[in-house]
Amino acid sequence: MESVLQFFYANKEAIFIIALTIFLGLEVISNVPSVLHTPLMSGANAISGVIIIGGIILVGHADLQNLVEGSNLLNLILGIFALLFGTLNVIGGFVVTDRMLEMFKKKKK
Amino acid sequence: MDTLNITNGDIILEFSYLLSALFFVVGLKLLSSPDSARRGNLWAAAGMLLAMIATMILHRDSNGGTIQAGNLIIILVAIAFGGVIGAVIARKIKMTAMPQLVSFFNATGGAASALVALIEFSNPDNQSALVTLLGLVIGSIAFSGSMIAYGKLNGNIKDIFSKLMTYINLLILLGLVIMVVVLLTSDMPLESKQLLVYVLLAVSLIYGVSFVMPIGGADMPVVISLLNSFTGIAAAMAGFIYHNQAMILGGIFVGAAGMILTILMCKAMNRSLINVVIGAFGGGGAAVDREKGTVKEVSATDAAVMLNYSSKVVIVPGYGLAVAQAQHICSEMAQLLEDNGVEVKYAIHPVAGRMPGHMNVLLAEADVPYDKLVEMDEINPEMPKTDVAVVIGANDVVNPAALDDPSSPIYGMPIIKVHEAKNVIVMKRGMGKGYAAIENYLFYADNTRMFFGSAKDSLQKLVNEIKAL
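Residues numbered from 1 in each chain as written. Chains lettered and ligands numbered in written order. Predicted model: local features only at pLDDT ≥ 70, side-chain atom pairs only at ≥ 80, totals over all residues. Heavy atoms only, no water.

### A word on the domain arrangement of chain B
Interface size is often expressed as the accessible area that is lost when the parts come together.
Residues and elements named next belong to chain B.
Part 1 of the argument: For chain B, the assigned domains are domain 1 (1-92), domain 2 (96-281) and domain 3 (300-468).
Part 2 of the argument: Contacts between the two partners involve 10 residues from domain 1, matched on the other side by 11 residues from domain 2.
Part 3 of the argument: For the domain 1 and domain 2 pair, buried surface summed over both sides reaches about 860 Å², with 79% attributable to carbon and sulfur atoms.
Part 4 of the argument: For the domain 1 face of the interface with domain 2, the top three residues by lost area are Tyr 17, Leu 28 and Ile 89, together amounting to 41%.
Part 5 of the argument: For the pair domain 1 and domain 2, the interface holds one residue pair in polar contact (both at pLDDT 80 or more).
Part 6 of the argument: Those elements that place two or more of their residues in the side of domain 1 that touches domain 2 are α1 (8-31) and α3 (69-92).
Part 7 of the argument: With six residues, α1 is the single largest residue contributor to the side of domain 1 that touches domain 2.
Part 8 of the argument: Class assignment of the residues belonging to the side of domain 1 that touches domain 2 gives a composition of seven nonpolar, two polar and one charged. (Domains from an automatic or database assignment. Contact = heavy atoms within 4.5 Å. Buried area = accessible area lost by both parts, 1.4 Å probe. Polar contact = N/O pair within 3.5 Å; in protein donor to acceptor, adjacent residues only side chain to side chain. Helix = DSSP H or I, 4+ residues; strand = E, 2+ residues; numbered from the N terminus. Nonpolar A, V, L, I, M, F, W, Y, C, P; charged D, E, K, R; others polar.)

So this is what it looks like as structure tokens:
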């Protein structure tokens, strides 16, 4: 399909990076003791909240002067929700991971 | 932004994104070793903070405009609000509810990705319809799927399984693919397209539900890890829309890490991912009819004597211990026994609790020393030399059917071989089946004694009896 090929060409650098990042992700995570699976999942989950940047961009460039025009208001509200959810994911995720890991530290003498 | 002059701000912004991405990688690397894990989490958080602040100050839209003060206030209020709620929930929640909390946070991330994609689809400046739609679909599935996983772990939603679901799911998936292709290729007016996008959103949400619904509760950790990977991919798709390297890298990195973590978890249970997603788990009894022995009960006094005059005791904690919040009293009992010269160890199955590592966290909370926790592969050879194995609120992870009954749904799953110990005491509330709903022949074995009651009460009785000896 042409649009897919065009997309590939337009984003070729990103796609190279992605291919390498996938290997990096696999490499970093393999050989993790099962004890750490839960905190690791939780930490990775917090990082996936990076969508928050998208929320910031959306709300940041929303046209506050012409809210009535088109779907500007709806988009702003949805954007605020995206930002809210993203923050929940990021802050909640990092805090809960820290709480889990706090336990591990205490054990060490 | 390509047509505009590049300012110093743009350069600093991109550089910040590069740093953030590196912080994510270093953070996750440190997270994968017990000694550095906590630092790793802080690194990743710092990376996120850097990307957020840099975006707020330096990001410019396609006309070169920066973020205005009014918008910035809205952003900060929303972040403060979400941040406080998130931090409070994360601090206050009980350790036993940790798995569903992770699932809930994953759901919010998926929802955020889906919302961003939904808004961006109607943005005429947005050239990348393909990634936008993928972000919408994957984000929605991650959201509704995680919410179902949350409900299951929380006990609000029961398993529904029928072979039919597999076919229905395939059909819905096909429908999703067709809709995406139509949206990409047809030249229908924008209004109809937007309508179809809402249909796509709805069907994606339904797919998330129907995808997770038939998967057994015991497999939820694997599913959460998989959905976590989805959320990362959805965030990366949104990153393409904004040509934002931090989002692309962070998202894909988490996507890949989540995928390998999912596979590692499957390995710990000796199952394939396909088997988890499609296969039936739970429901129905084992097909093989076996000679059932009789169930033999033990009194608190007898159990206390048995334990106190052993030389080696292995405690096998399960989710029952966690829900009863009995980890502290359990640790007290172990301490008493040790004071009386008994060697006590804890045998931790990789999937004990509701998530890998969950039990370690719970026992650590009760001040059980790290070196007392022994992993399955290390403890199994010691089992025949063990005088008493105490199973507290665990069931499937000690079910010998996993070793010798090919018809059992858990056949092949590695277990802790408590049945090889000289004596076994099983603490359980009743004769109910475990999470996988399979009969456990351990309970009828000659060397097994049952001690019925809630884990907390039973342990308290034991502690009193041991003290009285």
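### Quick look at the nonpolar core
Part 1 of the argument: Membership of the largest hydrophobic core comes to 184 residues, with the highest contact counts inside it found for B:Leu28 and B:Ile315.
Part 2 of the argument: With sequence-adjacent residues up to four places away left out, B:Leu28 is seen in contact with A:Val28, A:Ile29, A:Leu40, A:Ala44, A:Ile47, B:Phe253 and B:Ala257. (Core = buried A, V, L, I, M, F, W, Y, C linked by side-chain atoms within 4.5 Å. Buried < 20%, exposed > 50% of the residue type's maximum accessible area, 1.4 Å probe, protein only.)

### Regarding the packing of helix α5 (residues 129-154) of chain B against helix α8 (residues 220-241) of chain B
Residue and element names in this part refer to chain B.
Part 1 of the argument: Packing of α5 against α8 brings their axes to within 8 Å, and their N-to-C directions diverge by 155 degrees. By the criterion of interaxial angle, the relationship of α5 to α8 is roughly antiparallel. By crossing handedness, the relation of α5 to α8 is classed as left-handed.
Part 2 of the argument: Of the residues in the contact of α5 with α8, the class split is 16 nonpolar, six polar and one charged. (Axes fitted to C-alpha atoms, helices over the stretch in contact; angles between N-to-C directions. Parallel < 35°, antiparallel > 145°, perpendicular 65-115°, else oblique. Left-handed = near helix turned anticlockwise from the far one by under 90°.)

### A few points about the side chain of B:Ser204
Residues and elements named next belong to chain B.
Part 1 of the argument: The residue Ser 204 is located in helix α7 (residues 190-212) in this model.
Part 2 of the argument: Using a relative accessible area of 0% as the deciding quantity, one classes Ser 204 as buried.
Part 3 of the argument: In this structure the side chain of Ser 204 is engaged in a polar contact, spanning 2.7 Å, whose partner is the backbone oxygen of Leu 200.
Part 4 of the argument: Setting aside residues up to four positions removed in sequence, Ser 204 forms contacts with Val 137, Ser 140, Ile 141, Ser 144 and Leu 176.

### Focus: the sheet that holds strand β6 (residues 448-452) of chain B
Residues and elements named next belong to chain B.
Part 1 of the argument: Read across the open sheet, the six strands follow the order β3-β2-β1-β4-β5-β6; overall the sheet is parallel. At either margin of the open sheet sits one strand with a lone partner, and together these are β3 (373-375) and β6. The average angle at which neighbouring strand axes cross in this sheet is 25 degrees, direction not considered.
Part 2 of the argument: Pairing between strand β5 (residues 423-428) and β6: five bridges, direction parallel. Within β6, the position partnered with Met 427 by the bridge is Phe 451.
Part 3 of the argument: Packing of helix α13 (residues 327-339) onto the sheet brings it into contact with β1 (312-317), β2 (343-348) and β4 (388-392), and relative to β2 it is tilted by some 145 degrees.
Part 4 of the argument: Taken strand by strand, helix α14 (residues 358-365) contacts β1, β2 and β3, and its axis lies near 145 degrees from that of β2. (Pairing = 2+ DSSP bridges.)

### Concerning the domain arrangement of chain A
Part 1 of the argument: Under the domain assignment used here, chain A contains domain 1 (1-31) and domain 2 (36-107).
Part 2 of the argument: Taking the mean C-alpha position of each, domain 1 of chain A and domain 2 of chain A sit 24 Å from one another.

### As for the interface of chain B and chain A
Part 1 of the argument: Every contact between the two is made by 108 residues of chain B and, on the other side, 79 residues of chain A.
Part 2 of the argument: Both sides of the chain B and chain A interface together cover about 8,400 Å² of buried area, and 78% of this is carbon and sulfur.
Part 3 of the argument: Taken together, the links from chain B to chain A amount to three salt bridges.
Part 4 of the argument: Taking the shortest distance from any N to any O, the salt bridge between A:Asp98 and B:Arg38 comes out at 2.9 Å.
Part 5 of the argument: Counting across the chain B and chain A interface gives 14 residue pairs in polar contact (both at pLDDT 80 or more).
Part 6 of the argument: Counting residues per element, the side of chain B that touches chain A draws most heavily on helix α9 (residues 245-268) of chain B, at 16 residues. (Salt bridge = Lys/Arg side-chain N within 4 Å of Asp/Glu carboxyl O.)

### Remarks on unusual backbone geometry
Residue and element names in this part refer to chain B.
Part 1 of the argument: Positive phi outside glycine occurs at His 243, with the angle close to 50 degrees.
Part 2 of the argument: Note that His 243 resides in the loop between α8 and α9.
Part 3 of the argument: One non-glycine residue, Asp 367, lies in the positive phi region at around 65 degrees.
Part 4 of the argument: Structurally, Asp 367 is set in the loop between α14 and β3.

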